Amino acid sequence: MTNQNVVAPESTINLAISVAVANSSIFSTAAQKPPVTPGGYISISRKNFLKNLEINGGARINAWVESMRASSPTHHKSTPSLLEDQTSWMDQHPSALDMFEQIIDASKGKQIVMFLDYDGTLSPIVEDPDRAFMSKKMRTTVRKLARCFPTAIVSGRCRDKVYKFVRLAELYYAGSHGMDIRGPVKGGSKYKKGSEAVLCQPASEFLPMIDEVYKQLLEKTKSTPGAKVENNKFCLSVHFRCVEEKKWNELAQQVKSVIKEYPKLRLTQGRKVLEIRPTIKWDKGKALEFLLESLGFANCSDVFPVYIGDDKTDEDAFKILRERGQGFGILVSKYPKDTNASYSLQEPNEVMDFLQRLVEWKRVSFGGEARVSCKY
């Protein structure tokens, strides 16, 4: 398993600093606690940190806004150079649908385990995050998928919220970018031995701070039309999809004015969203590793994890799969992006087609019965 030492990972806007946080009990009695090994941190005095923010404030905000633009690609018209870039990128990250047979060949003799992001993967990206509903057809497909393979939803959303969207009790759910993980509540899991529920909440001590910052952000951003602050329990999301671009700088200033008082929190970005998270070394990649261990696949050579996601935060999971040399990642995107994923799909409808083909392959090949090849 991975370490849980509290550090400040490098963020895209270089706002977070590393801090020491006292070790505490972060798992419930039923939780599986990964081993902790010694690790270091960089200590920076609060005075120097705030002074640095003031001196470099303008440059940091400009870089922040540019990063916001970069994370929100506009729909350009086709040009020869862009088409060439698209073709070159697709050569490196071919369609998972076109390469389905090759993917199946690579998985033969191994246990497939499925990891799925939610927004932009199982549901379309919408202006109102509270209305990011998955279709009935997608829900049916994911239900059938879970009957064939161990399946987890890994989302930046609050675990309870994403569960209300998906409404499938037989899945594993990892909310708040993997900081809130729970296994099937009813009937347990046929893939895991033992009766204990899988539970992992490595950022519990940050809950009061997250609630405090949430209230401040609500107050600070209410003057920016279209801004929406979402409380995802162990992290916060500031959505700017409905904010005019000329107001992005103002929104960045507002968020900065709050975050600079909380060096134990860090900022990352997604698709038209700013994510505020604790500075613990935990992300979707760590959640993937935790779930594989919980299912008994931590040291298996015959496991084949597949992770499908569309955002920067999913890159942590793609990277883990590359480092493990097992399975692969699939990036959901219509545009070329730097990614550790091996394959691509363009939109949720293609994701559904891919999952349906997996289910059909399993039905034809194994009669629909789950096959766990790893002995544990």
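The present account deals with the structure reproduced in this document. Because the structure is a prediction, the values reported are computed rather than measured.

1. Digging into helix 5 (residues 136-148)
Move 1: The end-to-end C-alpha distance of helix 5, which contains 13 residues, comes to 19 Å, matching closely the 18 Å that a straight helix rising 1.5 Å per residue would cover.
Move 2: Among the residues of helix 5, those classed as buried are Met-138, Arg-139, Thr-141, Val-142, Leu-145, Ala-146 and Cys-148.
Move 3: In this structure, the buried residues of helix 5 make contact with strand 1 (111-116), strand 2 (151-154), helix 6 (159-166) and helix 11 (348-366).

2. A few points about the sheet that holds strand 9 (residues 273-278)
Move 1: Pairing within the open sheet is antiparallel, and its four strands lie in the order 6-7-9-8. Of all strands in the sheet, those with a lone pairing partner are strand 6 (228-231) and strand 8 (265-270), marking the two edges. Going from strand to strand, the sheet's axes swing by 20° on average, the running direction of each strand aside.
Move 2: Here strand 7 (residues 236-239) pairs with strand 9 via four bridges, running antiparallel. Its bridge partner lying in strand 9, His-239 is registered against Val-273.
Move 3: Relative to strand 9, helix 8 (residues 248-259) is tilted by about 5°, and along the sheet it contacts strand 7, strand 8 and strand 9.

3. Looking at the side chain of Lys-284
Move 1: Relative to the helices and strands, Lys-284 resides in helix 9 (residues 284-294).
Move 2: Using a relative accessible area of 2% as the deciding quantity, one classes Lys-284 as buried.
Move 3: Reaching out from Lys-284, the side chain makes a polar contact with the side chain of Thr-313 at a distance of 3.2 Å.
Move 4: Other than its neighbours up to four places away in sequence, Lys-284 contacts Asp-117, Val-154, Ser-155, Gly-156, His-177, Tyr-307, Thr-313, Asp-314, Asp-316 and Ala-317.

4. As for unusual backbone geometry
Move 1: Of note, the phi angle at Arg-167 is positive, near 60°, even though the residue is not glycine.
Move 2: With respect to the helices, strands and loops of the structure, Arg-167 is situated in the loop between helix 6 and strand 3 (172-175).
Move 3: The class of Arg-167 is exposed, set by a relative accessible area of 52%.
Move 4: Non-glycine residue Ser-176 carries a positive phi angle of around 50°.
Move 5: Residue Ser-176 is classed as buried on the basis of its relative accessible area of 0%.

5. Overview of the pattern of salt bridges
Move 1: Scanning all chains against the criterion turns up 17 salt bridges.
Move 2: A single network of salt bridges, built from pairs that share partners, joins Asp-119, Asp-130, Arg-157, Lys-161, Lys-228 and Glu-230.

6. Regarding the sheet that holds strand 12 (residues 343-345)
Move 1: Pairing in this open sheet of eight strands is mixed, and the strands run 5-4-3-2-1-10-11-12 from one edge to the other. Whereas interior strands pair on both sides, the edge strands pair on one side only; in this sheet they are strand 5 (199-200) and strand 12.
Move 2: Relative to strand 11 (residues 328-332), strand 10 (residues 303-309) is paired through four bridges, and the arrangement is parallel. Pairing of Gly-309 across the sheet is with Leu-331, part of strand 11.

7. Things to note about the nonpolar core
Move 1: Formed by 51 residues in total, the largest nonpolar core has its most connected members in Phe-115, Ile-181, Leu-217, Val-255 and Ile-276.
Move 2: Both domains that furnish three or more residues to this core are identified here as domain 1 (83-202 + 282-367) and domain 2 (205-278).
Move 3: In contact with Ile-276, other than residues within four places in its own chain, are Leu-217, Cys-235, Leu-236, Val-238, Val-255, Ile-259, Leu-265, Arg-266 and Leu-267.
Move 4: Ranked by size, the runner-up nonpolar core spans 40 residues in total, among them Ala-96, Val-162, Ile-330 and Leu-355.

8. Observations regarding helix 11
Move 1: Helix length check: helix 11 (19 residues) gives 26 Å between terminal C-alpha atoms against 27 Å at 1.5 Å per residue, within 8%.
Move 2: Along helix 11, the residues that are buried comprise Pro-348, Val-351, Met-352, Phe-354, Leu-355, Leu-358, Val-359, Trp-361 and Lys-362.
Move 3: Contacts made by the buried residues of helix 11 are with helix 4 (100-107), strand 1, helix 5, strand 10, strand 11 and strand 12.
Move 4: Positive backbone phi, approximately 70°, marks Gly-367, located one or two places after helix 11.

9. Observations concerning the packing of helix 9 against helix 10 (residues 315-324)
Move 1: Close contact between helix 9 and helix 10 brings their axes to 6 Å; oriented N to C, the two are set at 55°. The angle between the axes of helix 9 and helix 10 places the two elements in the oblique class. Contacts between helix 9 and helix 10 involve Lys-284, Gly-285, Leu-288, Glu-289 and Leu-292 from the former and Asp-316, Ala-317, Ile-320, Leu-321 and Arg-324 from the latter.
Move 2: Of the residues that constitute the contact of helix 9 with helix 10, the class distribution is five nonpolar, one polar and four charged.

Criteria and cut-off values
- Residues numbered from 1 in each chain as written.
- Predicted model: local features only at pLDDT ≥ 70, side-chain atom pairs only at ≥ 80, totals over all residues.
- Heavy atoms only, no water.
- Helix = DSSP H or I, 4+ residues; strand = E, 2+ residues; numbered from the N terminus.
- Expected span 1.5 Å × (residues − 1).
- Buried < 20%, exposed > 50% of the residue type's maximum accessible area, 1.4 Å probe, protein only.
- Contact = heavy atoms within 4.5 Å.
- Pairing = 2+ DSSP bridges.
- Axes fitted to C-alpha atoms, helices over the stretch in contact; angles between N-to-C directions.
- Polar contact = N/O pair within 3.5 Å; in protein donor to acceptor, adjacent residues only side chain to side chain.
- Salt bridge = Lys/Arg side-chain N within 4 Å of Asp/Glu carboxyl O.
- Core = buried A, V, L, I, M, F, W, Y, C linked by side-chain atoms within 4.5 Å.
- Domains from an automatic or database assignment.
- Parallel < 35°, antiparallel > 145°, perpendicular 65-115°, else oblique.
- Nonpolar A, V, L, I, M, F, W, Y, C, P; charged D, E, K, R; others polar.

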